[in-house]
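Here are the chains, one letter per residue:
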Amino acid sequence: MSANKKVPVRRCVGCQEMKGKKEMIRVIRTKEGQFLLDATGKKNGRGAYICSSEECLKKAVLNKGLERSFKQSIPAEVYEALEKEMGLLGSKE
């Protein structure tokens, strides 16, 4: 009796593709209004997902995907932190 396990999928705010939750980076806004990167996917806060590719980050900046998800403007530091994290992910592979 093997049951097929359901894989949670989320939409990327950059490329608008549906992908597995574990393949993506989660950006959260806390109640205090801080923006954080959530590697675990379990922190409290409103979240948006983005693919771990630099092309998707560029698309998200151009089409203001994160701004739409959070319904407010996003500080430049959040985009810089995303770029750094994607650089680290690229060096691991």
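Residues numbered from 1 in each chain as written. Predicted model: local features only at pLDDT ≥ 70, side-chain atom pairs only at ≥ 80, totals over all residues. Heavy atoms only, no water.

What follows concerns the pattern of salt bridges. Per the counting criterion, the structure on display carries one salt bridge. Asp38 is paired through a salt bridge with Arg26; the nearest N and O atoms lie 2.8 Å apart. With Asp38 in strand 4 (residues 35–38) and Arg26 in strand 3 (residues 24–29), the pair connects residues that are twelve residues apart, well separated along the chain. Exposure class is identical for Asp38 and Arg26. Each is buried. (Salt bridge = Lys/Arg side-chain N within 4 Å of Asp/Glu carboxyl O. Helix = DSSP H or I, 4+ residues; strand = E, 2+ residues; numbered from the N terminus. Buried < 20%, exposed > 50% of the residue type's maximum accessible area, 1.4 Å probe, protein only.)

For the rest of this paragraph, the subject is the packing of aromatic side chains. Counting across every chain of the model gives one aromatic pair. Seen from their ring centres, Phe35 and Phe70 are 5.3 Å apart, and the 70 degrees between their planes marks the pair as edge-to-face. Placement of the pair is Phe35 in strand 4 and Phe70 in helix 2 (residues 65–70), with a sequence separation of 35 residues. On the basis of relative accessibility, which here comes to 16%, the residue Phe35 falls in the buried class. (Phe/Tyr/Trp six-rings, centres within 6.5 Å; stacked < 30°, edge-to-face > 60°.)

For the rest of this paragraph, the subject is a negative patch on the surface. A cluster of acidic side chains, namely Glu54, Glu55, Glu77, Glu80 and Glu83, defines a negative patch on the protein surface. Contributions of two or more residues to the negative patch are made by helix 1 (54–62) and helix 3 (76–92). The biggest single contributor to the negative patch is helix 3, with three residues. Relative to the helices and strands, Glu77 resides in helix 3. (Patch = residues over 30% accessible without salt bridge, like charges linked within 9 Å, V, L, I, M, F, W, Y side chains within 5 Å. Areas by Shrake-Rupley, 256 points an atom, 1.4 Å probe, with all protein chains shown as cover. Lys, Arg positive; Asp, Glu negative; His and termini not counted. Charge placed at Lys NZ, Arg CZ, Asp CG, Glu CD.)

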